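Chain residues, written in single-letter form:
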Amino acid sequence: MSRLIFWLHLIKQFHDVLPQFKHEMRGYLFDVLDELHNQVVHYDAESLPEVVEFFQEIDMMIHTAARPSDFIGVMARFDDVEGVIATMITQDASLERIREFTHNILESLDAAMSAGIALTSSGQETLAICKNDFEQEDLDRAQYCNLIKRLQSIRLS
């Protein structure tokens, strides 16, 4: 009987905090979406059909998310689109913008490591090589594309 009471109490607690969870997750995801949109605008990729479709779809997904798994699905979509947007930027933006984009990725990885997020040992090696490659001032579009793909392959430990 005490087990049943425990489970009923746990379910009630979960039910009580679910609205707050939804509210906070929506706020967080809309903040991420806004930042992503600002980056897309900055790199002149906001009018590309794939980007417009993504923002419309993700906005609807965030508004309709009801269960924790729905929010996980939204975050997975962010992961899916990251490579697509990076490819679009590297194909359509100027070399100066691509270099800036690459620099921002490198800074983000450095900030994550400074905040205590660890990379795998192969990720650390890849990052070191990428930083070295980035220091070359005369990279062409294909070299930046390759560099960005290698940076995207870095995983956390």
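Rules and cut-offs
- Residues numbered from 1 in each chain as written.
- Predicted model: local features only at pLDDT ≥ 70, side-chain atom pairs only at ≥ 80, totals over all residues.
- Heavy atoms only, no water.
- Helix = DSSP H or I, 4+ residues; strand = E, 2+ residues; numbered from the N terminus.
- Buried < 20%, exposed > 50% of the residue type's maximum accessible area, 1.4 Å probe, protein only.
- Contact = heavy atoms within 4.5 Å.
- Areas by Shrake-Rupley, 256 points an atom, 1.4 Å probe, with all protein chains shown as cover.
- Lys, Arg positive; Asp, Glu negative; His and termini not counted.
- Charge placed at Lys NZ, Arg CZ, Asp CG, Glu CD.
- Expected span 1.5 Å × (residues − 1).
- Bend = angle between axes of the 7 residues up to and from the residue.
- pLDDT = per-residue confidence, 0-100.
- Axes fitted to C-alpha atoms, helices over the stretch in contact; angles between N-to-C directions.
- Left-handed = near helix turned anticlockwise from the far one by under 90°.
- Nonpolar A, V, L, I, M, F, W, Y, C, P; charged D, E, K, R; others polar.

## A short note on the overall build of the protein
Part 1 of the reasoning: Each helix and strand in the protein was counted, giving six helices and zero strands.
Part 2 of the reasoning: Listed N to C, the secondary structure of the protein is α-α-α-α-α-α in terms of helices and strands.
Part 3 of the reasoning: Viewed in the frame of its principal axes, the protein has a C-alpha envelope of about 70 × 40 × 20 Å.
Part 4 of the reasoning: Looking at the protein as a whole, 27% of its 157 residues are labelled buried.
Part 5 of the reasoning: Looking at the protein alone, contacts between residues at least 24 apart form 71% of all its contacts between residues at least 6 apart.
Part 6 of the reasoning: Summed over all atoms, the accessible surface of the protein reaches about 10,300 Å², with 57% contributed by carbon and sulfur.
Part 7 of the reasoning: Positive and negative side-chain charges of the protein, numbering 13 and 26 respectively, have mean locations separated by a distance of 9 Å.

## Digging into helix H3 (residues 68–92)
Part 1 of the reasoning: A rise of 1.5 Å per residue sets the reference length of H3, with its 25 residues, at 36 Å; its end C-alpha atoms lie 36 Å apart and thus fit the reference within 8%.
Part 2 of the reasoning: The largest bend along H3 reaches roughly 30° and is located at Val81.
Part 3 of the reasoning: Among all positions in H3, only Phe71, Val74, Phe78, Val81, Ile85, Ala86, Met88, Ile89 and Thr90 are buried.

## Considering the confidence of the model for the protein
Part 1 of the reasoning: Taken residue by residue, the protein gives an average pLDDT of 86. The fraction at 70 or more is 96%.
Part 2 of the reasoning: Within the protein, no element has a lower average pLDDT than helix H1 (residues 2–42), which sits at 81, and none a higher one than helix H5 (residues 121–134), at 93.

## A word on the packing of helix H4 (residues 95–114) against H5
Part 1 of the reasoning: In contact at an axis separation of 11 Å, H4 and H5 are set at 145° when each is read in the N-to-C sense. Crossing angle aside, the handedness with which H4 passes H5 is left-handed. Residues Arg99, Thr102, His103, Leu106, Leu109, Asp110 and Met113 of H4 lie in contact with H5, whose contacting residues are Leu127, Lys131 and Phe134.
Part 2 of the reasoning: Of the residues contributing to the contact of H4 with H5, the split by class is five nonpolar, two polar and three charged.

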